[in-house]
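What the coordinates show
Here are the chains, one letter per residue:
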Amino acid sequence: MAALKAVRAQLDTSFDEAVDLVLQTLRQRGKIVVVGIGKSGNIGRKIAATLTSTGSTSVVLDSVDALHGDLGIVNDGDLVLALSYSGESDELVTLLPALKRFSVRVIALTGSPKSTLARYSDVVLNVRIPREACPFNLAPTASTTAMLVMGDALAMTVSQARGFKAQEFARYHPSGAIGRSLLLQVSEIMRTAPRNAVALETVNVKEALLRMTQAKSGSVTVINARGKLAGVFTDGDLRRHMAADGDSVLSQPLAKVMTRHPICIRADALAAEALKIFKERNIDDLIVVNRKTNRLGWWTPRTCPK
């Protein structure tokens, strides 16, 4: 934690310059080539994966294999993100002149702003830390964590600057829990007939309760004579009116006791959006409307379970 605070305190305009370089590269259809050795290389792989998954095309270049043919993945216009805490790793220092033969820019993540790597770089992100978490101050621990955090910060800032959206994130994660939660639409999980209780606003509360019971639902969607959404009546509404008016509420038409202007969501919205509404509004049911209109052009109400 002390190391991360130190790195944060060292942030300067170089970070802005790094973000601008990444944005320029991506706009010109270039890619980010991530290179590092040892533990820094491992961190580089994770940073490259995060960049790629958030829409910033990245590849990992092995420093040793690069000198034996893998430099072929580098093209003019690419951006090199080089990781080395000391900035003097032999394999990386040997590779730098070969990289500079291409028309590329270099961003360094290093704890040594005056190192060989820093001198070869266009922008230096300083990740110098007071000491390692290792009791001998030897094993890369706090330093690699600092690199990881800096890489994540860079990736997220670039993502935000590019206007990267959740729908795009879902496109890059079609499988697994992330993909399912982001790609699933409300229309795929909402309740439909017979589990969707719907009643005209002229129907009395007693009849509405029967429909709710048949649908095993805690609410009924209320529509007017033209089929347009008019409101919602929930078991919570029933308790409140029973407390105020007693049994007489059962004979009241829904139009007098329903909640008007209920919270709605589009059928083609993502399920994650519905979940957010449930949490923020603290509700149990959410009315779903679609954009397909009938002859009169009214929305068709449906109900989405929590």
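Note: the structure precedes this text.
The residue numbers shown here count from 1 along each chain, following its written sequence. Owing to the predicted nature of the model, reporting of local features is limited to residues with pLDDT of at least 70; listing and counting of side-chain atom pairs is limited to 80 or more, with chain, interface and lining totals taken over all residues. By convention in this description, side-chain values take in all heavy atoms of the structure and omit both hydrogens and water.

Concerning the pattern of salt bridges
Short version of the rule: One side-chain nitrogen of Lys or Arg within 4 Å of one carboxyl oxygen of Asp or Glu is enough to make a salt bridge. With a 1.4 Å probe rolled over the protein chains alone, any residue whose accessible area is under 20% of its type maximum counts as buried; one over 50% counts as exposed, and the rest are partly exposed.
The final tally for this structure, using the stated rule, is 8 salt bridges. Taking the shortest distance from any N to any O, the salt bridge between Arg266 and Asp268 comes out at 2.6 Å. Given the relative accessible area of 33%, Arg266 is considered partly exposed. The structure contains a network of salt bridges with shared partners spanning Lys100, Arg105 and Asp122.

Regarding helix 13 (residues 271-281)
Note the following rule: Numbering of helices and strands runs from the N terminus; a helix is a DSSP stretch of H or I covering at least four residues, while a strand is a stretch of E covering at least two. Arc definition: directions from the helix axis to the C-beta atoms.
Along helix 13, the residues classified as buried are Ala271, Ala274, Ile277 and Phe278. For helix 13, the angular spread of buried residues about the axis comes to 115 degrees, placing them on one side. Within helix 13, the exposed residues directed more than 90 degrees away from the buried face are Lys276, Lys279 and Glu280. Remark: Asn282 follows helix 13 within two positions and exhibits a positive phi of approximately 55 degrees.

What to know about the sheet that holds strand 4 (residues 105-110)
Worth spelling out the cut-off: In this scheme, strands are said to pair when DSSP sees at least two bridges between them. The angle between two axes is taken between their N-to-C directions and runs from 0 to 180 degrees, where each axis is a line fitted to C-alpha atoms and a helix contributes only its stretch in contact. A contact between two residues is defined here by any heavy atoms of the two lying within 4.5 Å.
Spatially, 5 strands are ordered 2-1-3-4-5 in an open sheet, and the strand pairing comes out parallel. The sheet is open, and its two borders are formed by strand 2 (58-62) and strand 5 (123-126), each paired with just one other strand. The sheet shows a mean angle of 20 degrees between the axes of neighbouring strands, taken without regard to direction. As paired strands, strand 1 (residues 32-36) and strand 2 are joined by 5 bridges and run parallel to one another. Looking at strand 2, one finds that Ile32 is bridged to Ser58. Across the sheet, helix 2 (residues 13-27) touches strand 1, strand 3 (79-83), strand 4 and strand 5, and the angle it forms with strand 5 is around 130 degrees.

Focus on the sheet that holds strand 6 (residues 198-200)
An order of 6-7-8-9 is seen for the 4 strands of this open sheet, with the pairing classed as mixed. The open sheet terminates on both sides in strands that have one partner only, identified here as strand 6 and strand 9 (259-260). Pairing between strand 6 and strand 7 (residues 219-223): 3 bridges, direction parallel. Following the sheet pairing, Ala199 is matched in strand 7 by Val222. Contacting strand 8 (229-234) and strand 9, helix 11 (residues 235-245) runs over the sheet at an angle of about 70 degrees to strand 8.

Describing unusual backbone geometry
Omega for the peptide link from Ala193 to Pro194 comes to 5 degrees, which places this bond in the cis form. If you trace the backbone, Pro194 turns up in the loop between helix 9 (176-183) and strand 6. One non-glycine residue with positive phi stands out, namely His261, at about 50 degrees. Among the secondary structure elements, His261 is positioned in the loop between strand 9 and strand 10 (264-266). In this structure, Asn282 takes a positive phi of about 55 degrees despite not being glycine. In this fold, Asn282 is placed in the loop between helix 13 and strand 11 (285-289). For Asn282, a relative accessible area of 67% corresponds to the exposed category.

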